[in-house]
Amino acid sequence: MSSSDGLNRSGNVTSKTKAGRTLAAILVILVVSLVGISLCLVTAERARNSLSNELLNEAKLLEAALNKARLKSLHGTIDDLANPAYLRLKQQLIQVKKIFPQYRFIYLMGTRADGEIYFFIDSELPGSIDESLPGDPYREATESDRKVFQEKRSTVKSPIKDNWGTWASAMVPVVDE
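Residues numbered from 1 in each chain as written. Predicted model: local features only at pLDDT ≥ 70, side-chain atom pairs only at ≥ 80, totals over all residues. Heavy atoms only, no water.

**Student:** It is not clear to me how the packing of aromatic side chains should be interpreted in this structure. Could you clarify?
**Tutor:** Both the distance between ring centres and the angle between the ring planes are used here to describe each pair of aromatic rings. Tallied over the full model, the rule gives four aromatic pairs. Between the aromatic rings of Tyr107 and Phe119, the centroid separation amounts to 5.6 Å while the plane-to-plane angle is 80 degrees, which identifies the pairing as edge-to-face. Within this pair, whereas Tyr107 is found in strand β1 (residues 107–111), its partner Phe119 is found in strand β2 (residues 117–122), the two being separated by 12 residues in sequence. Tyr107 sits in the partly exposed class, given a relative accessible area of 32%. A centroid spacing of 5.1 Å and a plane angle of 55 degrees characterise the contact between Tyr118 and Phe120, whose relative ring orientation is tilted. No difference in accessibility class separates Tyr118 from Phe120, as the two residues are buried. (Phe/Tyr/Trp six-rings, centres within 6.5 Å; stacked < 30°, edge-to-face > 60°. Helix = DSSP H or I, 4+ residues; strand = E, 2+ residues; numbered from the N terminus. Buried < 20%, exposed > 50% of the residue type's maximum accessible area, 1.4 Å probe, protein only.)

So, in structure tokens, the structure goes:
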């Protein structure tokens, strides 16, 4: 009987050892998977931050290059279509878009006393279905958009959805100095 008991114990020990090894392997796989997922998330966040910074820096460069005197002569109404300053700025934005084809839209916006955000100028070719005319309201404006005008602080919004698609947008205030 004792040899029979020994075999059962030996069999139980072997069974427990196999279960322990299986559990250890599962834990190792789980830990490695979690570490891998964490590293992927950190890498993705760093890439997103890098792209956001690049987008914001390029928007700031554009803002710095704007002719503020021309901007001051605009009214943000359809009458701007006949304003030589509007026509010149429009051509400049069209050229900038050619230099940076990765950007779908480049535009300047303003805000009215009632808080409505509207387009001054965009980079679309005249007559384009996506062209925003001077004074056209930006109906998809969010509280975050209004905040840029109120606080006069640059921001990157990503991702946002509107009638034109899903975007990352850089907003840089143009402030009178």
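Moving on, there is more to tell.
**Student:** Which parts of the structure should I look at to understand a nonpolar patch on the surface?
**Tutor:** A contiguous nonpolar surface patch, about 600 Å² in accessible area, is contributed by Leu23, Leu27, Leu30, Leu34, Ile37 and Leu41. Within the fold, Leu27 resides in helix α1 (residues 2–65). (Patch = residues over 30% accessible without salt bridge, like charges linked within 9 Å, V, L, I, M, F, W, Y side chains within 5 Å. Areas by Shrake-Rupley, 256 points an atom, 1.4 Å probe, with all protein chains shown as cover. Salt bridge = Lys/Arg side-chain N within 4 Å of Asp/Glu carboxyl O.)

**Student:** Looking at this structure, I do not really get the nonpolar core. What am I missing?
**Tutor:** Generally speaking, soluble globular proteins have nonpolar side chains that are buried together. The biggest cluster of nonpolar side chains holds 15 residues, and the ones touching the most others in it are Leu71, Leu74, Leu89, Leu108, Phe120 and Ile121. For this core, the secondary structure elements donating two or more residues are α3 (84–99) and β2. With five residues, the top contributor of residues to this core is α3. With near-sequence residues (within four places) excluded, Ile121 lies in contact with Leu74, Tyr86, Leu89, Lys90, Leu93, Ile106, Tyr107 and Leu108. Formed by five residues, the second largest nonpolar core is a distinct cluster that contains Met109, Ile117, Phe119 and Tyr138. (Core = buried A, V, L, I, M, F, W, Y, C linked by side-chain atoms within 4.5 Å. Contact = heavy atoms within 4.5 Å.)

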